[in-house]
Amino acid sequence: MSTFVAVVLLVLLAAACGALLGFAAIHFKVESDPVVEQIDAILPQTQCGQCGYPGCRPYAEAIANGDEINKCPPGGEAGVKALADLLGKDIVPLDESLEEAAPTVAYIREDECIGCTKCIQACPVDAILGAPKLMHTVIVDECTGCDLCVAPCPVDCIDMIPISDKGWSWPEPAQRIPVQQVV
Amino acid sequence: MNRGNDIIFHSSYQIHGGIHPPENKAQSNQSPIQDLPIPPQLVYPLLHNDRPLTPTVEVGERVLAGQIIADGKEATSANLHAGTSGIVSAIEEHSLPHPSSDKGQCLVITADGADEWAPRSALKSAFEQPREALLEHINQAGIAGLGGAVFPSHIKLASQVETLIVNAAECEPYITCDDRLMREQASELITAIELVLYLASAKQCVIGIEDNKPEAIAALEEAIQLRKKETDLDIRIGVVPTRYPSGGEKQLIELLTGQQVPQNQRPSALGLLVHNVATLYAIYQAIVLGQPLISRVVTLTGDAATKPGNYRVRLGTPINWLLEQTDTQPYERCVMGGPMMGFELKDLSAPVVKATNCIIAAGKNELSEPSQALACIRCGECADACPASLLPQQLYWFSRAKDFEKTRDYNLFDCIECGACAWVCPSHIPLVQYYRFAKTEIRAQDEEKRKADAARKRHEFRTMRLERDKKERAERHKKAAEKRKNAAQSKGEVDEKKATVADAIARARAKKKAAKDSSS
Amino acid sequence: MFNSSPHQRASNSVSNVMLQVVYAAIPGAAALFYFFGWGVIFNLITCISFCLVSEALTLKLRSQPTAAALKDNSALVTAILLGLALPPLAPWWVAAIGSIFAIVFAKQLYGGMGYNPFNPAMCGYVLLLISFPVAMTAWLPPAPLAEQSASFTDSLSLFLTGRDLDGYYLDTYRYNADGFTMATPLDQLKTGYSMGFMNDELLSHPVFTDFAGVGWQWVNLAFLLGGIYLLARKIISWHIPVSMLIAMAVVSALMSLYDSGQTIGPIMHCFSGATMLGAFFIATDPVSASTTTKGRLIFGAGIGIFVVVIRNYGGYPDAVAFAVLLMNMAAPLIDHFTQPKVYGSPSKTPEVHD
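Model, not experiment: these values are computed from the prediction. Counting of residues starts from 1 at the beginning of each chain's written sequence and follows it residue by residue. To read the labels, note that chains go from A and ligands from 1, taken in the order they are written. Reporting of local features is limited, given that this is a predicted model, to residues whose pLDDT is at least 70; pairs of side-chain atoms are given and counted only at 80 or more, and all residues count toward the totals for whole chains, interfaces and linings. Heavy atoms from the whole structure form the basis of all side-chain values; hydrogens and water molecules are not counted.

Novice: When you look at the overall build of chain A in this model, what are you seeing that I'm missing?
Specialist: A count of helical and extended segments in chain A gives 5 helices and 4 strands. In DSSP terms, a helix is any run of H or I states spanning at least four residues, a strand is any run of E spanning at least two, and both are numbered starting from the N terminus. Each helix and strand of chain A, ordered N terminal to C terminal, gives the series α-α-α-α-β-α-β-β-β. If you line up chain A on its principal axes, its C-alpha atoms span 100 × 65 × 30 Å. In chain A, buried positions account for 31% of the 183 residues. Expressed as a percentage of contacts within chain A between residues at least 6 apart in sequence, the contacts between residues at least 24 apart total 49%. Exposure categories follow from relative accessible area, calculated using a 1.4 Å probe and restricted to protein chains: below 20% of the type maximum is buried, above 50% is exposed, and the middle band is partly exposed. Working rule for contacts: check all heavy atoms of both residues, and any pair within 4.5 Å makes them a contact.

Novice: Sorry if this is basic, but what is going on with the overall build of chain C here?
Specialist: Along chain C, the regular secondary structure elements total 17 helices and 0 strands. Expected size for 354 residues packed as a compact globule is a radius of gyration near 20 Å; at 21 Å, chain C falls within 12% of this value. By its C-alpha atoms, chain C is 70 × 50 × 35 Å across when sized along the principal axes. In chain C, the proportion of contacts linking residues at least 24 apart, taken out of those at least 6 apart, comes to 74%. When the accessible surface of chain C is split by element, carbon and sulfur atoms take 69% of a total near 14,700 Å². If you average the places of the 15 positive and of the 18 negative side-chain charges in chain C, the two averages end up 19 Å apart. Throughout, the radius of gyration refers to the C-alpha atoms, and the reference size of a globule is 2.2 Å times the residue count to the power 0.38. Computed by Shrake-Rupley with a 1.4 Å probe, the accessible areas treat only the displayed protein chains as cover when residues are assessed. Positive charges come from Lys and Arg alone, negative charges from Asp and Glu alone, with His and the N- and C-terminal ends not counted. Charge placement uses NZ in Lys and CZ in Arg. For Asp and Glu, CG and CD serve respectively.

Novice: Teacher, can you tell me more about the interface of chain B and chain C here?
Specialist: One frequently used descriptor of interface size is the decrease in accessible area upon assembly of the parts. If you look at the interface, chain B gives 62 residues, while chain C gives 36 residues. When two parts are put together, the accessible area they lose, computed with a 1.4 Å probe and summed over both, is reported as buried area. Of all residues in chain B, I377(B), R378(B) and W423(B) bury the most surface against chain C, accounting for 15% of the area lost on that side. A carboxyl oxygen of Asp or Glu within 4 Å of a side-chain nitrogen of Lys or Arg is what we treat as a salt bridge. For the pair chain B and chain C, the number of links is 1 salt bridge. For D335(C), the salt bridge is made with R378(B), and the minimal N-O distance between the two is 3.0 Å. We call two N or O atoms a polar contact when they sit within 3.5 Å, provided that within protein one can donate a hydrogen and the other can accept it, with sequence-adjacent residues counted only if both atoms are side-chain atoms. Here chain B is connected to chain C by 25 residue pairs in polar contact (both at pLDDT 80 or more). Those elements that provide at least two residues to the side of chain B that touches chain C are α6 (249-257), β18 (333-336), β19 (343-344), α9 (381-385), α10 (392-400), α11 (404-409), α12 (420-424) and α13 (431-494) of chain B. No other element matches α10(B), which puts 4 residues into the side of chain B that touches chain C.

Novice: Quick question: what am I supposed to make of the pattern of salt bridges here?
Specialist: It is possible for side chains bearing opposite charge to pair when their charged atoms get close. Taken as a whole, this structure holds 37 salt bridges over all chains when the rule is applied. Each of E37(A), D40(A), R57(A), E61(A), K449(B), D453(B) and R456(B) takes part in one network of salt bridges that share partners.

Novice: Hey, could you run me through the domain arrangement of chain A in this one?
Specialist: All names here are of chain A. Those domain boundaries reflect an automatic or database domain assignment. Domain boundaries in chain A define domain 1 (34-99) and domain 2 (104-162). Each partner contributes residues to the interface: domain 1 has 4 residues there, and domain 2 has 5 residues. In this assembly, domain 1 packs against domain 2 so that about 340 Å² is buried in total across both faces, 61% of it on carbon and sulfur atoms. It is T46, Q47 and C48 that lose the most area in domain 1 upon contact with domain 2, and together they represent 88% of the buried surface on that side. Run the count over domain 1 and domain 2 and you get 0 salt bridges. Our count for the contact surface shared by domain 1 and domain 2 stands at 1 residue pair in polar contact (both at pLDDT 80 or more). All residues other than Ala, Val, Leu, Ile, Met, Phe, Trp, Tyr, Cys, Pro, Asp, Glu, Lys and Arg, Gly among them, are scored as polar; the first ten of these are nonpolar and the last four charged. Grouping the constituent residues of the side of domain 1 that touches domain 2 by class yields 1 nonpolar, 3 polar and no charged.

Novice: For this particular structure, what's the right way to read the sheet that holds strand β8 (residues 68-71) of chain B?
Specialist: The strands that make up a sheet pair up through hydrogen bonds in the backbone, lying either parallel or antiparallel. Strand pairing follows a simple DSSP-based rule, namely that at least 2 bridges must link the two strands. Ordered in space as β6-β8-β9 (chain B), the 3 strands form an open sheet in which the pairing is antiparallel. Edge positions in the open sheet fall to β6 (54-55) and β9 (80-81) of chain B, since each of these has one partner strand only.

Novice: Looking at this structure, I do not really get the sheet that holds strand β2 (residues 34-35) of chain B. What am I missing?
Specialist: Residue and element names in this part refer to chain B. Overall, mixed pairing links the 6 strands, which are arranged β2-β17-β16-β20-β18-β19 in an open sheet. Of all the strands in the sheet, just β2 and β19 have a single pairing partner and so form its edges. Helix α3 (residues 177-184) rests against β16 (295-301) and β17 (309-314) of the sheet, and its axis sits at about 120° to β16. Note on definitions: angles span 0 to 180 degrees between N-to-C directions of axes, and those axes are lines fitted to C-alpha atoms, for helices only across the stretch in contact.

Novice: Explanation requested: helix α5 (residues 74-85) of chain C in the structure shown.
Specialist: Note that an α-helix has 3.6 residues per turn; residues three or four places apart therefore point the same way. Take the number of residues in a helix, subtract one, and multiply by 1.5 Å to get its expected span. Between the first and last C-alpha of α5(C) there are 17 Å, a value that for 12 residues agrees with the 16 Å anticipated at 1.5 Å per step. With 12 of its 12 residues buried, α5(C) lies for the most part within the structure.

Novice: Would you mind going over the interface of chain B and chain A with me for this structure?
Specialist: Across the contact, 26 residues belong to chain B and 31 residues belong to chain A. Buried surface at the junction of chain B and chain A, summed over both partners, amounts to about 2,500 Å²; 51% is from carbon and sulfur atoms. For the pair chain B and chain A, the interface holds 5 salt bridges. Residue R458(B) pairs with E142(A) through a salt bridge whose shortest N-O separation is 3.5 Å. Seen at the junction of chain B and chain A, the total is 10 residue pairs in polar contact (both at pLDDT 80 or more). Take the side of chain B that touches chain A: its biggest share by element is 16 residues, from α13(B).

Novice: I would appreciate a short explanation of a nonpolar patch on the surface in the present structure.
Specialist: Residue and element names in this part refer to chain C. To count toward a patch, a residue needs a relative accessible area above 30% and no salt bridge. Like charges then connect within 9 Å, nonpolar side chains (Val, Leu, Ile, Met, Phe, Trp, Tyr) within 5 Å. On the surface, F33, W38, W92, W93, I97, F152, L156 and L160 cluster together to form a nonpolar patch covering roughly 670 Å² of accessible area. Of all the secondary-structure elements, those providing two or more residues to the nonpolar patch are α6 (92-107) and α9 (152-161). If you trace the backbone, L156 turns up in helix α9. Relative accessible area serves as the criterion here: at 31%, L156 is assigned to the partly exposed category.

Novice: I keep staring at the confidence of the model for chain A and nothing clicks. Help me out?
Specialist: In low-pLDDT regions, the fine details of the predicted coordinates are not to be read closely. pLDDT expresses, on a scale from 0 to 100, how confident the predictor is about each individual residue. This prediction gives chain A a mean pLDDT of 83; 92% of its residues lie at or above 70. Taken together, the stretch residues 177-183 of chain A has pLDDT below 50 and engages in 7 contacts with residues farther than four places along the chain or on a different chain.

Novice: How should I be thinking about the packing of helix α2 (residues 35-42) of chain A against helix α3 (residues 56-64) of chain A in this particular structure?
Specialist: Residues and elements named next belong to chain A. Remark: α2 packs on α3, axes separated minimally by 8 Å, with the N-to-C direction vectors making an angle of 130°. Between α2 and α3, the crossing angle belongs to the class labelled oblique. The two elements α2 and α3 meet at a crossing, and its hand is right-handed. Taken together, the residues of α3 that come into contact with α2 (itself represented by V35, V36, E37, I39 and D40) are C56, R57, A60, E61, I63 and A64. Should an angle lie under 35 degrees it is considered roughly parallel, over 145 roughly antiparallel, and from 65 to 115 roughly perpendicular; all remaining angles are considered oblique. A clockwise turn of the near helix away from the far one marks a right-handed crossing, whereas an anticlockwise turn of less than a right angle marks a left-handed crossing.

Novice: What exactly am I supposed to notice about helix α16 (residues 293-313) of chain C here?
Specialist: Helix length check: α16(C) (21 residues) gives 30 Å between terminal C-alpha atoms against 30 Å at 1.5 Å per residue, within 8%. All of the buried residues along α16(C) are G295(C), R296(C), F299(C), G300(C), G302(C), I303(C), G304(C), V307(C), V308(C), I310(C), R311(C) and N312(C). Its buried side turned inward, α16(C) meets α9 of chain B together with α10 (185-194), α13 (239-258), α14 (266-270), α15 (275-282) and α17 (320-337) of chain C. A distance of 2.9 Å separates the backbone nitrogen of G295(C) from a side-chain oxygen at the start of α16(C), and that oxygen is part of T292(C).

Novice: Please clarify how the side chain of R311(C) should be interpreted in this entry.
Specialist: Residues and elements named next belong to chain C. Position of R311 relative to the elements: it lies in helix α16. Take R311: its relative accessible area is 2%, and that puts it in the buried class. Of note is the side chain of R311, whose polar atom sits 2.9 Å from the backbone oxygen of H269.

Novice: Just checking my understanding: could you explain unusual backbone geometry for this structure?
Specialist: If a residue is not glycine, its phi is most likely negative; likewise, a peptide bond is most likely trans. Here the bond from Y244(B) into P245(B) is cis, since omega is 0°, no more than 30 degrees from zero. Each neighbour pair has its own omega, and for S5(C) with P6(C) the value is -5°, a cis peptide bond. Relative to the helices and strands, P6(C) resides in the segment before α1 (14-24). For S201(B), which is not a glycine, the phi torsion comes out positive at approximately 50°. When you line up the elements, S201(B) lands in the loop between α4 (186-199) and β13 (204-210). Of the residues examined, S201(B) reaches a relative accessible area of 36% and is grouped as partly exposed.

Novice: Is there a simple way to think about the packing of α6(C) against helix α7 (residues 120-131) of chain C in this case?
Specialist: If you want to describe how two helices pack, look at the angle between their axes and the distance between the axes. All names here are of chain C. In contact at an axis separation of 8 Å, α6 and α7 are set at 130° when each is read in the N-to-C sense. Between α6 and α7, the angle falls in the class oblique. The chirality of how α6 crosses α7 is right-handed. Two secondary-structure elements touch here, α6 through V94, I97, G98, F101, A102, A106 and K107 and α7 through P120, A121, C123, G124, L127 and L128. Partitioning the contact of α6 with α7 into residue classes produces 10 nonpolar, 2 polar and 1 charged.

Novice: Help me out: how do you make sense of the nonpolar core in this one?
Specialist: Inside soluble globular proteins, nonpolar side chains tend to come together where they are buried. Counting 103 residues, the largest nonpolar core has F36(C), L84(C), L86(C), Y125(C), F281(C) and I303(C) as the members making the most contacts within it. Excluding residues within four positions of it along the chain, F36(C) makes contact with P88(C), W139(C), L140(C), P141(C), P142(C), W216(C) and V219(C). Ranked by size, the runner-up nonpolar core spans 93 residues in total, among them V57(B), A82(B), Y174(B) and C358(B). Only buried Ala, Val, Leu, Ile, Met, Phe, Trp, Tyr and Cys residues count toward a nonpolar core, and they belong to the same one when joined by side-chain atoms within 4.5 Å.

Novice: How should I be thinking about the environment of G261(C) in this particular structure?
Specialist: Residues and elements named next belong to chain C. Checked against the element boundaries, G261 lands in the loop between α13 and α14. On the accessibility criterion, G261 (11% relative accessible area) is buried. Each C-alpha atom of the pair G261 and M136 lies 28 Å from the other, and the pair is 125 residues apart in sequence.

Right, here's the structure in full:
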């Protein structure tokens, strides 16, 4: 008899807990972006293809499918860290074959441009304006600095210029009490 | 708002927090405002609120006092006028009056000593002019908030409000330029108030002033009474207790009306318009005297100042010249603005600009040395002092950990950087600098994110466009092929005979080929 | 190097705040000394020396500047609070172990001043209470009740060796005039209740003359005096002590209404044991307490409730240390949910993320 009671109790308890969990799963569900979206949000969207994929989103998909997280030089160490945090992976140094570089923008030396439109076709974000046989120019605000336009240019008239300082801003206060040297 | 018939009322509303730093106003508010001589060279930073201005004159050109020398493309910039007659001698890099002490593009005028004025255009019978004309006049005169924010006044004045609040609190220690202006130019200020009331279609005006300026209160009361005899005016003086930062725009509004400006909104949300005393005086000068904003009253004070007081200074006057003219002794540090919110000047060749309300030439031990910060002990003094009811200790914690999302959650952007928290901090933590640092970092991150989003959108659009083009091309090719086929078919019916012949030839060829293959 | 505004500061400093706490503890320490003798002083001296030395050594190990950190006086305050909480004439190593644990484990291992989630002095105290319950509950009778009081040399000998100069153990000194072993009033009550005695019988004991126990009531009043000094100097805010005392009074009054025979009354609660020391000196430790205004009220009330509950139902006679540590744990959560309404914000309750 007591065994029976115990079994019934346990079954009831299990049912109650199950119902509670089911209820929680539906009513307290945390809406979250699919992981690809979250990864894509971290990637810098330079669309430079240095990772070996044609753009940031394909790389995001590849990461979601298990590719390494250290192939994005524009994102830099900070990007790797953010990805590692998101995916619960270890922080790995940036792939040795790739280099983290300071942000740049493309600049077309306009008097040398022959108007071949090759750079326009190469630009992943449509940041170059121009028409055949007419001089081209870069919309600085839209340029991601991916340097994909540099190689196609037949007359080498495109330079990548480091983005000048964002202007002065308040520096972070010194954190540690400096150790005083007693001479 | 308490509606008595008296001109003066004492507000009973309170703000959260606030502090009582030593006032140090007596050094500079004893003597009348004096004119400072015009320096041999005037320097004008081609910047307004950190946004560039474009010069409208050439190097070598002769300019007259009051002539526009630079203007801004953006809505938040204001015109710049020559302070005296002379030659534009250069547009060059020069020290800026900025916390960074960086150099920037400045326009330099070498004065010719004649102080010859461009024709002044006072607006006659201003109250009969359309509002637009007055606003344009103020815009042309380059008037911006002289309390320190230097937001162009004509934009603020364009909104229609119920009540004008005149910010006469001058709560920062040391500064007395508004105090002296009110004592000496009370009736001019009342005229300016009437003009602004007309401009903003406001019905009433409250002058918010701290109770440590009894002379200014008396002068204003007298001026209001005089004017009331002539016309019906609703101008009252709201006296608030002396407590820093009662002169913060939002704090003064709460002190006078008991209402809080909703987060991320302007006072106009409450039907209020707030203007500083010095700005009102500039509006008076522009409309009644036809004089653009080329000078302002600057408080010179500090232990090293031998002749502390208030000086009417032409904008562009190098600060070291101001100090020389007033025989200021060697100083320990020099601060532009008040001790609570001002910044230290490293290079004193920087000029007086529209935002310069005070120069403190501090003597030894007058200002606190930045000492070693200790760890935060979470004593909560800062939270008690914060006029925005923030939790500075938590903001500090998160700013320091660079957990910027959290600082945003804890309303970092409601911080007015008044410095009350850092003033009371027993650990001497430079709290305000942490908040400024966090704010700039967050803004940079937001900008980065905005750029990334824009790049993503453009890339997605491009991918979509390329695909669409490809599809369209394929479609076109298909259509063309079909067309050719159709054309061929329709042609085919006509040339059936020809086709039969061709067919026959082909068959014969095939046979021949097959025979050849089998034989070999 | 950029000096951000403000360029002036109020003249307060952490070291001064801590020093004021030390000054405020003087009346309480004096009262303890008057009623319990030299042991109090020995405890204080031992705690101070061990705390300062272990603070200096750990800072050295962590390659942090030693002198600047010692000057903030925070280790001194920890030492004094611990020293005042220990039973007089407990062996010297009790004070030493407590001090080392408080500074090294409860404070420096968490990152030093400002980073410790728990009150270091109470961590040290609780460690001792759990590890050496006998030594930690062996309080001497207050001077007026003691049959014989230990002289300075006897006390020193007891403190260092566990025996006085004549070779007697500490227990000798714990008999009162009637020949009973003395305990603190709270201990007395606890033991009494467990043996089935009622309040009427227990409170007739000579220990309970006056309103809250001989000696102890004066000790508590002396700490209250120090607390009022701290309030007047604005070193602490009123929220935590007041809400703690009110919570204790209310909860114990309700419990007395329910069962007047075997519960400790409100006055006894408030003026006995470590209540006043806890309310004004320990619970108000800013680092480990809640920092918002509302949060402080909740924090203090929580301590008050825990003290009453643990004193009545727990295994130890006093409960301030446990209550403080329990609420220390809850402080970050309380802070999170009691953020003040920011100027101009529409809702009273701030949004909660994550």
